[in-house]
Each structure stands twice: as structure tokens, then as C-alpha cells.
Amino acid sequence: MPTGRNPEVREDLNSATSLNHKRHMVDLMKQGHFCSVKGCGNPAARSFSQREIAEPASKAGLSLPSSEKRVYLCEKHYKQVKKELKKQKKAEKLRHGLPF
Ligand SMILES: [Zn+2]
């Protein structure tokens, strides 16, 4: 076994880690997921669990299939929901954090 191979392997691992996020996005598209919003059909840019997205999505006026465990959103619809997601997180913090 030649010991000179080790540094090469380590370098490969490093570059793989830095690309992880990009790969995840590409994987979503490769798997053929599309936006779950009714009438949309754009390629999915983000995926959420039904539990975390149901409420913000309905507040943003989007109708999502409630039977699916995973919900996929395209870039456009994610931007709409993102505002509501932030509000929800703030509200949760207030609910749990303040000693009223
Ligand atoms: Zn969409």
C-alpha cells in the first residue's frame, strides 16, 4: 500500500463538503420534485415538512396538498412563505420567551 495517496483523498473530501449545499439543491431538481402549490409546477428549490409549512403557507394564501408529508416550493413561492415563516418564528419566541 503506497502511503502517498492519503493527502489526495483528504483533499477530495474537503471539496465535497464545500459543495454540499449546492449539491442538495441540484439533487432536489434531479429527483424531479416540483412546487407543491396548486397550479404552479415550477422546479422545487426548497423542501419542508408539512408541519412547519402548513400554517405560514395558508397565511401567505397558498394552497398546499395536506396529505403530503413533504412539501416542495419553488423559489417564487418560497419567497412568499418566507415572510410568514419569519413571523411565525418570532411569535413562537414571544410565546415561549416572555414572562407575562
Ligand atoms: Zn411554485
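Everything quoted here is computed from the prediction, not taken from an experiment.

With that out of the way, let us pick up the overall build of the protein chain. Summing up its helical and strand segments, the protein chain has four helices and two strands in all. Its helices and strands in sequence order give the protein chain the pattern α-α-β-α-β-α, from N to C terminus. Residue burial in the protein chain is summarised as follows: out of 100 residues, 14% are buried. Of all intrachain contacts in the protein chain linking residues separated by at least 6 positions in sequence, the fraction that spans at least 24 positions is 58%.

Glancing now at helix α3 (residues 50–59). Each full turn of the α-helix corresponds to 3.6 residues, which orients residues three or four apart in the same direction. For α3, the set of buried residues is Ile53, Pro56 and Ala57. Buried residues along α3 cover an arc of 105° about the axis, so they all sit on one side. Away from its buried face, by an angle of more than 90 degrees, α3 presents the exposed residues Arg51 and Glu55. Considering only its buried residues, α3 is in contact with β1 (46–49), β2 (70–73) and α4 (75–97). Backbone geometry just downstream of α3 places Gly61 in the positive-phi region, at approximately 85°.

Bringing the packing of α3 against α4 into the picture now. Remark: α3 packs on α4, axes separated minimally by 8 Å, with the N-to-C direction vectors making an angle of 115°. In this structure, α3 meets α4 at a crossing whose hand is right-handed. The residues of α4 that touch α3, namely those facing Ile53, Glu55, Pro56, Ala57 and Lys59, are Val81, Glu84, Leu85 and Gln88. In terms of residue class, the contact of α3 with α4 is built from five nonpolar, one polar and three charged.

With that settled, consider the environment of Arg51. Turning to its location among the elements, Arg51 is positioned in helix α3. With 9 C-beta atoms counted inside 10 Å, the residue Arg51 sits in the exposed group.

Under the 1.5 Å per step criterion, the end-to-end length of α4 is 32 Å for 23 residues, consistent within 8% with the ideal 33 Å. Of all the bends in α4, the greatest, near 30°, is centred on Val81. Judged by how many residues are buried, α4 sits mostly at the surface: two of 23 residues are covered.

Parameters and conventions
Residues numbered from 1 in each chain as written. Predicted model: local features only at pLDDT ≥ 70, side-chain atom pairs only at ≥ 80, totals over all residues. Helix = DSSP H or I, 4+ residues; strand = E, 2+ residues; numbered from the N terminus. Buried ≥ 20, exposed ≤ 12 C-beta atoms within 10 Å, placed from the backbone. Contact = placed C-beta atoms within 7 Å. Arc of directions from axis to C-beta. Axes fitted to C-alpha atoms, helices over the stretch in contact; angles between N-to-C directions. Left-handed = near helix turned anticlockwise from the far one by under 90°. Nonpolar A, V, L, I, M, F, W, Y, C, P; charged D, E, K, R; others polar. Expected span 1.5 Å × (residues − 1). Bend = angle between axes of the 7 residues up to and from the residue.

None of the figures reported here should be taken as evidence of function without further support.
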